[in-house]
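# Commentary on secondary and tertiary structure
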Amino acid sequence: MDVIGTSGACIIVGGGLAGLTAALALAPRPVILLTKAPLGIESSSVLAQGGIAASLGPDDDFSLHLADTLKAGDGLCDESAARAILKAAPAAIDELIRRGVPFDRNGEGKLTLGLEAAHSRRRIVHAGGDSSGREIMRPLTRRARETPSITVIEGATARRLLVEDNTVTGVVAESTRGPVVFATERAVIATGGIGGLFQYGTNPAGSWGEGMALAATAGAAMADLEFIQFHPTALDSVSFPLKLISETVRGEGAILIDETGHRFMVGVPGAELAPRDVVARAVWRHMAAGHRVFLDARDVPDLDFPRRFPAITGFCHAAGIDPVTQPIPIRPAAHYHMGGIAVDLAGRTSVEGLWACGEAACTGLHGANRLASNSLLEAAVCGRLVAESIKGTMPRRRGNPRADARALVSANPSAVRKIISRAAGVLRDGDDLAATAAELLPFALAEGEASDPALVGLMIVIAALRRRESRGAHARTDFPCRAAHARSSTLRLNEALAAAREIVPETVA
Ligand SMILES: Cc1cc2nc3c(=O)[nH]c(=O)nc-3n(C[C@H](O)[C@H](O)[C@H](O)COP(=O)(O)OP(=O)(O)OC[C@H]3O[C@@H](n4cnc5c(N)ncnc54)[C@H](O)[C@@H]3O)c2cc1C
């Protein structure tokens, strides 16, 4: 396998908002940015619709943003991390504007601030209406390509971190030239979320948690892996990822019905406008009882659906549905991972020379549930914090990796998707989780194409099994109440494997 010397360059894995922000903030220090898909084509950042939360309005203050974030996080946020990240939000928006992001403005030229569920103030800056992600990523991608210190390698998938004495020495990647080793003593994981690990998800198919597999196999600690936010209303179609039918459609008055026309949310406090996880659970239960579920906007007075929701109308039409005359089939879909690689506020993991940022990392900002539009914010703020931390760190030694001669097997999560979706979905119970851990273990140990996705799935399942309570987005039917004390969870791969091995004989018996 070729070993490529990087002359002190830092390797950033992932070209979403977090990875690009870190790369740009590191300039003029040399960076090699590896991305599976061409920049700006396949990432959750590009798909983002609503926008970025920041306390910018005259009636707002970061302490109000903090209060809303802590409430959504259901007792599990790291308050000091949340405080630091939210306080940095206005500066992060300024920086994006300086980099050329055309946020939407009103007639007076002031930023238009949108309101989203569970925010007590209007504080969502957006661009291109509901195309915020695309508009944010366009100028950043251009800048990254134009920055001489950033070498972008597209079509390169990081597959392993090389580590000696708990210190990074290199990154093994599959590239268009075949497998290569980048010798480096500093690497950043910015690989995004895990929606692609599930049968129904809103993230790109390639977002299945590969960064977690990289970090975990290198010995890094994970945190709060059990907390996954499911969006209640993804368009139920054969496409992958599923398209989002934004909450705003319910905000305009659309209702949830089943195939008989029954409005099953009546009686649930808040009905269709209840918090995201409450609606997701109600839809999931109704589907588990054998129903199909639809979002019905046909009778909303004065709603010109195609004009108000042009993008949603477009992808409904592409799926053969006319939202003006037909109810839209929907289902919950894995949308956002609150947990991830455990990091401190500087993005440092428990492995020397390894940082993580964006959705792949767990800073503690989101706790047990994410407040809408706090995730792009976290990617922008923490991408910069990681860059600052790297600038201030002297490598302990030169990356001089021993080339890993083992053949690389491309990872493929398709065998794992159905297995994990059954047990680690919206509603969970201990028996299913244990059976799923037993089912995933052979895949995880096999060193085949399903091995890394199974390792990620196994860690999530073990974390979900260990949390014997319901909190935030984690709902256990066998432990429906919150525990008296909120505690974050941490897990390493060897612990997850040991826990799964203990379960296997029980399941077989
Ligand atoms: C449909 C949708 C709508 C959303 N709307 C909003 C919103 O309005 N506001 C908000 O705050 N959040 C929103 N989110 C969440 C938000 O978009 C993400 O949390 C955020 O963009 C994550 O950024 P990231 O840089 O961490 O990861 P991503 O943007 O997902 O980028 C990850 C990158 O890593 C690459 N990669 C992955 N594995 C490897 C590997 N092994 N080797 C090399 N490259 C790799 C991928 O190709 C990709 O380029 C939305 C998410 C979705 C899916």
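Per chain, the residues get numbers from 1 upward, laid out in the order the sequence is written. Given that the model is predicted, a residue must reach a pLDDT of at least 70 before its local features are reported, and side-chain atom pairs must reach 80 or more before they are shown or counted; all residues, however, enter totals for whole chains, interfaces and linings. Values reported for side chains reflect all heavy atoms of the structure, with hydrogen atoms and water molecules removed beforehand.

## Some points on the pairing of strand 2 (residues 10–13)
As a reminder of what qualifies: Accessible area is worked out with a 1.4 Å probe on protein chains only. A residue is then buried under 20% of its type maximum, exposed over 50%, and partly exposed in between. Only DSSP runs of H or I with at least four residues qualify as helices, and only runs of E with at least two residues qualify as strands; both kinds are numbered from the N terminus onward. The rule for pairing is simple: two strands pair if DSSP sees at least two bridges between them. Here a crossover is taken to be right-handed if, once the strands point away from the viewer, the path from the first strand over the helix to the second is traced clockwise.
Burial along strand 2 is two-sided: Cys10 and Ile12 facing one way and Ile11 and Val13 facing the other are all buried. Bridge count between strand 2 and strand 3 (residues 31–35): four bridges; the pairing is parallel. Considered in strand 3, the bridge of cysteine 10 is made with valine 31. Handedness of the crossover joining strand 2 and strand 3 through helix 1 (residues 17–26): right-handed. Relative to strand 11 (residues 187–189), strand 2 is paired through three bridges, and the arrangement is parallel. Paired with isoleucine 12 across the strands is valine 188, a residue of strand 11.

## Considerations on the site of the ligand
Our working definition: Here a residue is considered near a molecule or strand provided that any single heavy atom belonging to it is located within 4 Å of it. Two N or O atoms count as a polar contact when they lie within 3.5 Å, although within protein this holds only if one can serve as hydrogen donor and the other as acceptor, and sequence-adjacent residues are included solely when both atoms are side-chain atoms. Residue exposure ignores everything except the shown protein chains as possible cover, and the areas themselves are Shrake-Rupley values with a 1.4 Å probe. Any residue outside Ala, Val, Leu, Ile, Met, Phe, Trp, Tyr, Cys, Pro, Asp, Glu, Lys and Arg is labelled polar, Gly included; the first ten of those are nonpolar and the last four are charged.
Close contacts around the ligand come from 38 residues, with Ser45, Gly50, Gly51, Glu359 and Ser375 the closest. The contact in question runs from an oxygen atom of the ligand to an N or O atom on the backbone of alanine 18, over 3.0 Å. Contact between the ligand and serine 375: a nitrogen atom at 2.7 Å from a side-chain N or O atom of the residue. Here the ligand has 1000 Å² of accessible area as a free molecule, and 97% of this is covered by the chains. Mapped onto the shell around the ligand, the elements with two or more residues apiece are helix 1, strand 3, helix 2 (44–47), strand 8 (157–164), strand 16 (328–337) and helix 12 (374–391). Residue composition of the shell around the ligand, grouped by class: 13 nonpolar, 20 polar and five charged.

## Overview of the domain arrangement of the protein chain
Heads up, the rule is: Where each domain begins and ends is defined by an automated method or by a domain database. Contacts are assigned to residue pairs that have any heavy atoms within 4.5 Å of one another. By buried area we mean how much accessible surface two parts lose on assembly, using a 1.4 Å probe and totalling the loss over both.
Each assigned domain of the protein chain is listed here: domain 1 (2–192 + 338–391), domain 2 (231–335) and domain 3 (409–508). Put simply, the middle of domain 2 and the middle of domain 3, counted by C-alpha atoms, are 29 Å apart. Contact with domain 2, which involves seven residues of that partner, is made by seven residues of domain 3. Regarding the contact of domain 2 and domain 3, the summed buried area is about 580 Å², with carbon and sulfur atoms giving 73% of it.

## Some remarks on the sheet that holds strand 14 (residues 255–258)
Quick reminder of the rule: Lines fitted to C-alpha atoms define the axes, with helix axes restricted to the stretch in contact, and inter-axis angles between N-to-C directions lie between 0 and 180 degrees.
Spatial strand order, 13-16-15-14: four strands in an open sheet with antiparallel pairing. With partners counted over all chains shown, the strands left at the sheet margins are strand 13 (228–235) and strand 14, one partner each. Averaged over all pairs of adjacent strands, the angle between their axes in this sheet comes to 45 degrees, without regard to strand direction.

## Structural notes on the nonpolar core
Our working rule: Take the buried residues of types Ala, Val, Leu, Ile, Met, Phe, Trp, Tyr and Cys, join any two whose side-chain atoms come within 4.5 Å, and each joined set is a nonpolar core.
Residues Leu34, Phe198, Met222, Leu458, Met459, Ile460 and Ile462 are the most contacted members of the largest nonpolar core, which totals 73 residues. When residues of this core are sorted by domain, at least three fall in each of domain 1 (2–192 + 338–391) and domain 3 (409–508). Ignoring any residue separated from it by four or fewer positions in sequence, one finds leucine 34 in contact with Ile11, Ile12, Val13, Gly14, Ile153, Ala156, Ala158, Val171, Ala173 and Phe182. Formed by 50 residues, the second largest nonpolar core is a distinct cluster that contains Ala23, Ala25, Leu376 and Leu377.

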